[in-house]
Amino acid sequence: MNEPDYRIRRLGAPDPVLPKELDAVQRLWAHDDPFDIEGTDQVFAEAMRQIVAWHSSRCAYYADWLRRNSFEPSMIRTVEDVSRIPFLHANFYKTHVIKSRPDEDYVLTLTSSGTSGQKTQMFFDEWSMNASDKSADTQFAYYGRITDVPSDFMMYSYEPAPGVNTGTLRTRQMMRRYAPEHDLEYALKFNGNGHDFDLFGSIDALLRFEKDGCPVRILGFPAFLYFTLERMREMGYPPLKLNRDSLVMMGGGWKGFADRQLSPEEFRSYVEERLGLPGTCCHETYGAVEHGVAYTDCDLHHLHVPIYSRVVIRDTVTLEPVEDGEAGFMNVISPMNTGVPVPSLLLGDMAVKHPAGSCGCGNDAPWFEILGRAGTSRNRSCAIAAAEILRRR
(Lines give C-alpha, C1' and ligand atoms only; values in the text may rest on other atoms or scores of the structure.)
Protein backbone atom coordinates (compact mmCIF):
# COMPACT_ATOMS: atom_id res chain seq x y z
CA MET A 1 0.00 0.00 0.00
CA ASN A 2 1.37 3.37 -1.00
CA GLU A 3 1.73 5.74 1.93
CA PRO A 4 -0.31 8.95 1.86
CA ASP A 5 1.57 12.16 1.13
CA TYR A 6 2.04 13.91 4.47
CA ARG A 7 3.96 16.77 2.87
CA ILE A 8 7.03 16.14 5.00
CA ARG A 9 9.86 18.63 4.59
CA ARG A 10 13.04 17.43 2.94
CA LEU A 11 15.97 17.77 5.34
CA GLY A 12 17.87 20.96 4.57
CA ALA A 13 15.20 22.30 2.24
CA PRO A 14 15.02 26.12 2.02
CA ASP A 15 12.19 27.84 3.82
CA PRO A 16 9.23 29.01 1.72
CA VAL A 17 9.25 32.78 1.24
CA LEU A 18 6.74 34.70 3.35
CA PRO A 19 5.18 38.06 2.45
CA LYS A 20 7.20 41.10 3.54
CA GLU A 21 4.71 41.83 6.30
CA LEU A 22 5.93 38.61 7.98
CA ASP A 23 9.65 39.23 7.49
CA ALA A 24 10.40 38.84 11.22
CA VAL A 25 8.79 35.38 11.20
CA GLN A 26 11.03 34.51 8.26
CA ARG A 27 14.12 35.78 10.09
CA LEU A 28 13.25 33.86 13.24
CA TRP A 29 13.11 30.55 11.37
CA ALA A 30 16.36 31.38 9.58
CA HIS A 31 18.28 31.75 12.85
CA ASP A 32 21.07 29.18 13.17
CA ASP A 33 20.87 28.25 16.87
CA PRO A 34 17.49 26.70 17.79
CA PHE A 35 17.98 27.50 21.47
CA ASP A 36 19.33 31.07 21.34
CA ILE A 37 16.41 32.46 23.30
CA GLU A 38 18.12 35.62 24.53
CA GLY A 39 19.54 36.38 21.10
CA THR A 40 16.12 36.12 19.45
CA ASP A 41 13.95 37.91 22.02
CA GLN A 42 13.54 41.03 19.90
CA VAL A 43 12.88 39.26 16.59
CA PHE A 44 10.45 36.97 18.40
CA ALA A 45 8.50 39.99 19.68
CA GLU A 46 8.47 41.46 16.15
CA ALA A 47 7.32 38.13 14.73
CA MET A 48 4.49 37.90 17.26
CA ARG A 49 3.38 41.44 16.49
CA GLN A 50 3.35 40.61 12.79
CA ILE A 51 1.50 37.29 13.12
CA VAL A 52 -1.19 38.76 15.39
CA ALA A 53 -1.72 41.59 12.90
CA TRP A 54 -1.75 39.08 10.03
CA HIS A 55 -4.50 36.96 11.56
CA SER A 56 -6.56 39.87 12.85
CA SER A 57 -6.69 41.35 9.35
CA ARG A 58 -7.71 38.04 7.74
CA CYS A 59 -9.92 36.28 10.27
CA ALA A 60 -13.00 38.12 11.53
CA TYR A 61 -13.41 35.87 14.56
CA TYR A 62 -9.84 36.46 15.70
CA ALA A 63 -10.14 40.20 15.15
CA ASP A 64 -13.27 40.22 17.31
CA TRP A 65 -11.51 38.11 19.95
CA LEU A 66 -8.74 40.70 20.20
CA ARG A 67 -11.25 43.54 20.29
CA ARG A 68 -13.25 41.93 23.10
CA ASN A 69 -10.02 41.56 25.05
CA SER A 70 -8.99 45.18 24.34
CA PHE A 71 -5.82 44.07 22.62
CA GLU A 72 -4.05 45.39 19.54
CA PRO A 73 -0.94 44.03 17.78
CA SER A 74 0.87 47.33 18.40
CA MET A 75 0.85 46.51 22.12
CA ILE A 76 3.57 43.91 21.49
CA ARG A 77 6.79 45.90 21.81
CA THR A 78 9.09 43.55 23.72
CA VAL A 79 9.17 39.82 24.40
CA GLU A 80 7.65 40.47 27.83
CA ASP A 81 4.49 41.68 26.07
CA VAL A 82 3.75 38.36 24.32
CA SER A 83 2.22 36.94 27.51
CA ARG A 84 -0.49 39.62 27.16
CA ILE A 85 -1.73 38.25 23.83
CA PRO A 86 -5.26 36.88 24.47
CA PHE A 87 -5.02 33.12 24.40
CA LEU A 88 -7.51 30.58 23.14
CA HIS A 89 -7.84 27.17 24.77
CA ALA A 90 -6.83 24.14 22.74
CA ASN A 91 -10.32 22.69 23.23
CA PHE A 92 -11.73 25.63 21.25
CA TYR A 93 -10.31 24.11 18.08
CA LYS A 94 -12.17 20.85 18.71
CA THR A 95 -15.47 22.61 18.06
CA HIS A 96 -14.53 25.58 15.87
CA VAL A 97 -12.84 26.01 12.51
CA ILE A 98 -11.25 29.42 11.95
CA LYS A 99 -8.86 30.21 9.12
CA SER A 100 -6.81 33.12 7.85
CA ARG A 101 -6.26 31.90 4.31
CA PRO A 102 -8.46 30.72 1.44
CA ASP A 103 -9.02 26.96 1.38
CA GLU A 104 -6.82 26.42 -1.66
CA ASP A 105 -3.76 27.60 0.32
CA TYR A 106 -3.87 24.65 2.72
CA VAL A 107 -1.76 21.62 1.86
CA LEU A 108 -2.56 19.36 4.81
CA THR A 109 -5.14 18.85 7.55
CA LEU A 110 -4.16 17.02 10.73
CA THR A 111 -6.34 15.79 13.57
CA SER A 112 -5.58 15.30 17.24
CA SER A 113 -7.42 12.05 17.98
CA GLY A 114 -7.52 8.58 16.59
CA THR A 115 -10.90 7.05 15.89
CA SER A 116 -13.80 8.83 17.58
CA GLY A 117 -14.61 11.56 20.06
CA GLN A 118 -13.95 15.25 19.71
CA LYS A 119 -11.17 16.02 17.25
CA THR A 120 -9.16 19.10 16.56
CA GLN A 121 -8.77 19.78 12.86
CA MET A 122 -5.68 21.87 12.27
CA PHE A 123 -4.95 23.29 8.83
CA PHE A 124 -1.46 23.88 7.50
CA ASP A 125 -0.32 25.96 4.56
CA GLU A 126 3.06 25.34 2.93
CA TRP A 127 4.93 27.69 5.28
CA SER A 128 3.38 26.33 8.47
CA MET A 129 4.01 22.70 7.54
CA ASN A 130 7.64 23.44 6.69
CA ALA A 131 8.12 25.54 9.82
CA SER A 132 6.73 22.82 12.07
CA ASP A 133 9.07 20.22 10.58
CA LYS A 134 12.05 22.54 10.78
CA SER A 135 11.40 23.18 14.48
CA ALA A 136 12.03 19.45 15.00
CA ASP A 137 14.87 19.12 12.48
CA THR A 138 17.02 21.82 14.05
CA GLN A 139 16.64 20.36 17.54
CA PHE A 140 17.46 16.81 16.45
CA ALA A 141 20.53 18.15 14.64
CA TYR A 142 21.54 20.21 17.70
CA TYR A 143 21.47 17.10 19.89
CA GLY A 144 23.28 14.95 17.31
CA ARG A 145 20.35 12.61 16.71
CA ILE A 146 20.50 12.65 12.91
CA THR A 147 22.74 9.93 11.50
CA ASP A 148 23.90 8.44 8.20
CA VAL A 149 24.04 4.93 9.70
CA PRO A 150 21.31 2.58 8.34
CA SER A 151 18.87 1.80 11.14
CA ASP A 152 15.90 -0.45 11.85
CA PHE A 153 12.69 1.41 12.74
CA MET A 154 10.19 0.04 15.25
CA MET A 155 7.18 2.32 15.02
CA TYR A 156 4.91 2.22 18.07
CA SER A 157 2.47 4.44 16.23
CA TYR A 158 -0.21 4.18 13.57
CA GLU A 159 0.58 2.54 10.25
CA PRO A 160 -0.09 5.10 7.49
CA ALA A 161 -3.32 4.57 5.58
CA PRO A 162 -5.64 6.66 3.40
CA GLY A 163 -7.70 9.02 5.53
CA VAL A 164 -5.53 8.56 8.64
CA ASN A 165 -4.05 11.96 9.34
CA THR A 166 -3.41 12.23 13.06
CA GLY A 167 -0.66 14.60 14.09
CA THR A 168 1.24 11.92 15.99
CA LEU A 169 1.34 9.63 12.94
CA ARG A 170 2.85 12.37 10.82
CA THR A 171 5.38 13.24 13.53
CA ARG A 172 6.67 9.67 13.65
CA GLN A 173 6.83 9.54 9.85
CA MET A 174 8.85 12.74 9.88
CA MET A 175 11.35 11.17 12.29
CA ARG A 176 12.07 8.42 9.78
CA ARG A 177 14.17 10.99 7.90
CA TYR A 178 16.73 11.14 10.69
CA ALA A 179 18.44 7.87 9.70
CA PRO A 180 18.61 5.75 6.53
CA GLU A 181 16.04 2.96 6.80
CA HIS A 182 17.32 -0.62 6.93
CA ASP A 183 14.05 -2.22 8.10
CA LEU A 184 10.65 -1.00 9.25
CA GLU A 185 7.86 -2.41 11.41
CA TYR A 186 4.60 -0.89 12.68
CA ALA A 187 3.05 -1.96 15.95
CA LEU A 188 -0.36 -0.46 15.19
CA LYS A 189 -1.38 -2.16 11.94
CA PHE A 190 -4.11 -0.82 9.70
CA ASN A 191 -6.88 -3.42 9.36
CA GLY A 192 -8.90 -1.71 6.61
CA ASN A 193 -11.18 0.06 9.08
CA GLY A 194 -8.91 1.10 11.95
CA HIS A 195 -5.76 -0.02 13.72
CA ASP A 196 -4.94 -3.09 15.81
CA PHE A 197 -1.93 -3.62 18.06
CA ASP A 198 0.20 -6.37 16.53
CA LEU A 199 1.85 -7.60 19.70
CA PHE A 200 3.50 -10.70 18.31
CA GLY A 201 4.57 -8.90 15.15
CA SER A 202 6.27 -6.37 17.42
CA ILE A 203 8.02 -9.12 19.36
CA ASP A 204 9.21 -10.76 16.13
CA ALA A 205 10.50 -7.42 14.85
CA LEU A 206 12.50 -6.67 17.99
CA LEU A 207 14.06 -10.13 17.88
CA ARG A 208 14.86 -9.64 14.20
CA PHE A 209 16.38 -6.25 14.83
CA GLU A 210 18.56 -7.64 17.63
CA LYS A 211 19.86 -10.26 15.22
CA ASP A 212 20.43 -7.66 12.46
CA GLY A 213 22.80 -5.74 14.70
CA CYS A 214 21.90 -2.38 13.17
CA PRO A 215 21.03 0.58 15.39
CA VAL A 216 17.32 0.52 16.16
CA ARG A 217 15.07 3.58 16.33
CA ILE A 218 12.01 2.92 18.49
CA LEU A 219 9.46 5.70 18.08
CA GLY A 220 5.96 6.28 19.43
CA PHE A 221 3.75 5.61 22.45
CA PRO A 222 5.65 4.30 25.51
CA ALA A 223 2.81 2.07 26.74
CA PHE A 224 3.01 -0.12 23.63
CA LEU A 225 6.75 -0.66 24.03
CA TYR A 226 6.30 -1.40 27.72
CA PHE A 227 3.56 -3.98 27.15
CA THR A 228 5.58 -5.62 24.37
CA LEU A 229 8.60 -6.02 26.61
CA GLU A 230 6.47 -7.19 29.53
CA ARG A 231 4.89 -9.90 27.37
CA MET A 232 8.36 -10.98 26.23
CA ARG A 233 9.45 -11.21 29.85
CA GLU A 234 6.35 -13.27 30.73
CA MET A 235 7.08 -15.59 27.80
CA GLY A 236 10.56 -16.24 29.14
CA TYR A 237 12.60 -14.22 26.65
CA PRO A 238 15.87 -12.95 28.08
CA PRO A 239 16.55 -9.21 27.89
CA LEU A 240 17.44 -8.00 24.40
CA LYS A 241 20.83 -6.57 23.59
CA LEU A 242 20.23 -3.96 20.92
CA ASN A 243 22.99 -2.00 19.22
CA ARG A 244 24.22 0.63 21.71
CA ASP A 245 23.80 3.36 19.10
CA SER A 246 20.04 2.79 19.12
CA LEU A 247 17.57 5.52 20.00
CA VAL A 248 14.29 5.21 21.91
CA MET A 249 12.20 8.32 21.29
CA MET A 250 8.84 8.23 23.00
CA GLY A 251 5.99 10.72 22.80
CA GLY A 252 2.27 10.96 23.50
CA GLY A 253 2.34 9.92 27.14
CA TRP A 254 0.48 7.10 28.92
CA LYS A 255 -3.04 8.53 28.69
CA GLY A 256 -5.52 5.77 29.46
CA PHE A 257 -2.93 3.76 31.43
CA ALA A 258 -2.25 5.98 34.43
CA ASP A 259 -2.39 2.95 36.72
CA ARG A 260 0.48 1.29 34.81
CA GLN A 261 2.50 4.38 34.00
CA LEU A 262 6.18 4.45 34.82
CA SER A 263 7.91 7.67 35.74
CA PRO A 264 10.45 8.85 33.14
CA GLU A 265 13.27 7.63 35.38
CA GLU A 266 11.60 4.24 35.86
CA PHE A 267 10.95 3.93 32.13
CA ARG A 268 14.58 4.64 31.28
CA SER A 269 15.72 2.05 33.81
CA TYR A 270 13.25 -0.45 32.38
CA VAL A 271 14.52 0.19 28.84
CA GLU A 272 18.07 -0.32 30.04
CA GLU A 273 17.10 -3.61 31.69
CA ARG A 274 15.01 -5.06 28.83
CA LEU A 275 16.76 -3.61 25.75
CA GLY A 276 20.31 -3.31 27.00
CA LEU A 277 20.39 0.40 26.23
CA PRO A 278 21.71 3.10 28.59
CA GLY A 279 19.43 5.92 29.70
CA THR A 280 21.28 8.25 27.34
CA CYS A 281 19.61 6.38 24.44
CA CYS A 282 16.10 7.01 25.77
CA HIS A 283 14.40 10.34 25.09
CA GLU A 284 11.00 11.93 24.68
CA THR A 285 9.23 14.47 22.56
CA TYR A 286 6.35 16.78 23.37
CA GLY A 287 3.95 18.61 21.13
CA ALA A 288 0.35 19.45 20.29
CA VAL A 289 -1.18 19.46 16.83
CA GLU A 290 -2.82 22.83 17.58
CA HIS A 291 0.58 24.35 18.36
CA GLY A 292 2.87 22.74 15.79
CA VAL A 293 6.23 23.52 17.40
CA ALA A 294 8.20 20.42 18.41
CA TYR A 295 10.00 19.92 21.72
CA THR A 296 12.58 17.21 22.36
CA ASP A 297 14.56 16.57 25.50
CA CYS A 298 18.26 17.16 26.14
CA ASP A 299 20.81 14.65 27.43
CA LEU A 300 19.59 15.37 30.97
CA HIS A 301 16.02 14.65 29.82
CA HIS A 302 14.72 18.21 30.09
CA LEU A 303 12.43 19.77 27.48
CA HIS A 304 14.04 23.07 26.52
CA VAL A 305 12.08 25.88 24.88
CA PRO A 306 13.31 26.51 21.32
CA ILE A 307 13.48 29.94 19.70
CA TYR A 308 10.26 29.28 17.79
CA SER A 309 8.08 29.62 20.87
CA ARG A 310 7.85 31.00 24.37
CA VAL A 311 6.22 29.17 27.28
CA VAL A 312 4.20 30.85 30.02
CA ILE A 313 2.80 28.97 33.02
CA ARG A 314 -0.51 30.34 34.28
CA ASP A 315 -2.21 30.15 37.64
CA THR A 316 -5.05 27.62 37.58
CA VAL A 317 -7.49 30.08 39.15
CA THR A 318 -6.53 33.57 37.98
CA LEU A 319 -4.82 32.48 34.71
CA GLU A 320 -2.15 35.07 35.42
CA PRO A 321 1.50 34.14 34.76
CA VAL A 322 3.29 32.53 37.69
CA GLU A 323 6.95 32.55 38.63
CA ASP A 324 9.42 29.95 37.43
CA GLY A 325 9.21 26.83 39.57
CA GLU A 326 5.46 27.17 40.18
CA ALA A 327 2.94 24.76 38.64
CA GLY A 328 0.07 25.85 36.42
CA PHE A 329 -1.54 25.58 33.01
CA MET A 330 0.88 25.61 30.07
CA ASN A 331 0.47 28.49 27.62
CA VAL A 332 2.51 28.16 24.40
CA ILE A 333 3.10 31.20 22.20
CA SER A 334 4.41 31.06 18.63
CA PRO A 335 4.18 32.89 15.29
CA MET A 336 4.55 29.59 13.39
CA ASN A 337 1.10 29.03 11.89
CA THR A 338 0.18 31.51 9.17
CA GLY A 339 -3.00 29.62 8.23
CA VAL A 340 -4.87 29.33 11.54
CA PRO A 341 -4.98 31.91 14.37
CA VAL A 342 -3.10 30.11 17.16
CA PRO A 343 -0.53 32.73 18.28
CA SER A 344 -1.26 32.06 21.96
CA LEU A 345 -2.65 28.69 22.99
CA LEU A 346 -3.64 27.48 26.45
CA LEU A 347 -3.13 23.74 26.79
CA GLY A 348 -4.78 21.31 29.18
CA ASP A 349 -1.40 20.20 30.51
CA MET A 350 -0.08 21.19 33.92
CA ALA A 351 3.58 22.12 33.82
CA VAL A 352 6.45 23.83 35.60
CA LYS A 353 8.95 26.07 33.82
CA HIS A 354 12.54 26.44 34.97
CA PRO A 355 14.74 29.47 34.26
CA ALA A 356 17.43 29.88 31.63
CA GLY A 357 20.78 28.40 32.57
CA SER A 358 19.37 26.03 35.20
CA CYS A 359 19.68 22.70 33.39
CA GLY A 360 23.38 21.83 33.39
CA CYS A 361 23.41 20.09 30.00
CA GLY A 362 25.06 23.01 28.23
CA ASN A 363 21.81 24.28 26.72
CA ASP A 364 21.02 27.56 28.48
CA ALA A 365 17.43 27.87 27.22
CA PRO A 366 14.60 27.67 29.77
CA TRP A 367 13.06 24.23 30.16
CA PHE A 368 9.80 22.78 31.38
CA GLU A 369 8.44 19.57 32.80
CA ILE A 370 4.95 18.22 32.18
CA LEU A 371 3.14 17.25 35.38
CA GLY A 372 0.06 15.77 33.72
CA ARG A 373 -3.27 16.72 32.26
CA ALA A 374 -5.56 18.92 34.31
CA GLY A 375 -8.87 17.41 35.30
CA THR A 376 -10.80 14.81 33.34
CA SER A 377 -12.61 15.18 30.07
CA ARG A 378 -14.30 13.28 27.29
CA ASN A 379 -11.86 14.87 24.89
CA ARG A 380 -9.51 12.30 23.43
CA SER A 381 -5.91 12.57 22.44
CA CYS A 382 -3.99 10.31 20.08
CA ALA A 383 -2.58 8.45 23.07
CA ILE A 384 -6.04 7.79 24.52
CA ALA A 385 -7.22 6.44 21.17
CA ALA A 386 -4.13 4.25 21.02
CA ALA A 387 -4.73 3.04 24.57
CA GLU A 388 -8.17 1.81 23.57
CA ILE A 389 -6.56 -0.23 20.79
CA LEU A 390 -4.24 -1.79 23.36
CA ARG A 391 -7.17 -2.71 25.64
CA ARG A 392 -8.85 -4.60 22.80
CA ARG A 393 -6.16 -7.28 23.01
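Structure shown above.
Residues numbered from 1 in each chain as written. Predicted model: local features only at pLDDT ≥ 70, side-chain atom pairs only at ≥ 80, totals over all residues. Heavy atoms only, no water.

### Topic: the packing of helix α1 (residues 23-30) against helix α5 (residues 126-142)
In the contact formed by α1 and α5, the axes pass within 11 Å of each other and the chain directions differ by 30°. Considered as vectors, α1 and α5 are oriented roughly parallel to each other. The element α1 and its partner α5 pack so that their crossing is left-handed. Of the residues in α5, those in contact with Val-25, Gln-26, Trp-29 and Ala-30 of α1 are Trp-127, Ala-131, Lys-134 and Ser-135. (Axes fitted to C-alpha atoms, helices over the stretch in contact; angles between N-to-C directions. Helix = DSSP H or I, 4+ residues; strand = E, 2+ residues; numbered from the N terminus. Parallel < 35°, antiparallel > 145°, perpendicular 65-115°, else oblique. Left-handed = near helix turned anticlockwise from the far one by under 90°. Contact = heavy atoms within 4.5 Å.)

### Some words on the packing of aromatic side chains
Counted by the stated rule, this structure contains 17 aromatic pairs. Between Tyr-295 and Phe-368, the ring centres sit 5.3 Å apart and the planes meet at 80°, which makes this aromatic pair edge-to-face. Within this pair, whereas Tyr-295 is found in strand β10 (residues 295-296), its partner Phe-368 is found in strand β15 (residues 367-373), the two being separated by 73 residues in sequence. In this structure an aromatic cluster arises from ring pairing among Tyr-158, Phe-197, Phe-221 and Phe-224. (Phe/Tyr/Trp six-rings, centres within 6.5 Å; stacked < 30°, edge-to-face > 60°.)

### As for the sheet that holds strand β8 (residues 247-250)
Read across the open sheet, the seven strands follow the order β6-β5-β4-β7-β8-β9-β10; overall the sheet is mixed. Each edge of the open sheet carries a strand with a single partner, namely β6 (195-197) and β10. Where strand β4 (residues 151-158) lies against strand β7 (residues 216-220), five bridges are found, and the strand directions are parallel. Paired with Phe-153 across the two strands is Arg-217, which belongs to β7. Sheet contacts for helix α6 (residues 167-175): β4, β5 (181-190), β7, β8 and β9 (282-286); angle to β4, the most-contacted strand, approximately 175°. (Pairing = 2+ DSSP bridges.)

### Examining the nonpolar core
Counting residues in hydrophobic clusters, the biggest one holds 66 residues, and the most contacted among them are Ile-85, Tyr-93 and Met-330. No other element matches helix α2 (residues 37-56), which puts eight residues into this core. Leaving out residues up to four positions away in the same chain, Tyr-93 has contacts with Leu-88, Ile-98, Lys-119, Thr-120, Gln-121, Met-122, Glu-290, Val-340, Pro-341, Val-342 and Leu-345. Judged by nonpolar contacts, the second largest core, of 39 residues, contains Tyr-6, Ala-161, Ala-223 and Val-271. (Core = buried A, V, L, I, M, F, W, Y, C linked by side-chain atoms within 4.5 Å. Buried < 20%, exposed > 50% of the residue type's maximum accessible area, 1.4 Å probe, protein only.)

### What to know about the packing of α5 against α6
Close contact between α5 and α6 brings their axes to 11 Å; oriented N to C, the two are set at 50°. Judged by the angle between their axes, α5 and α6 are oblique. For the crossing formed where α5 meets α6, the hand is right-handed. Every residue of α6 that contacts α5 at Met-129, Asp-133, Ala-136 and Phe-140 is listed here: Arg-170, Met-174 and Met-175.

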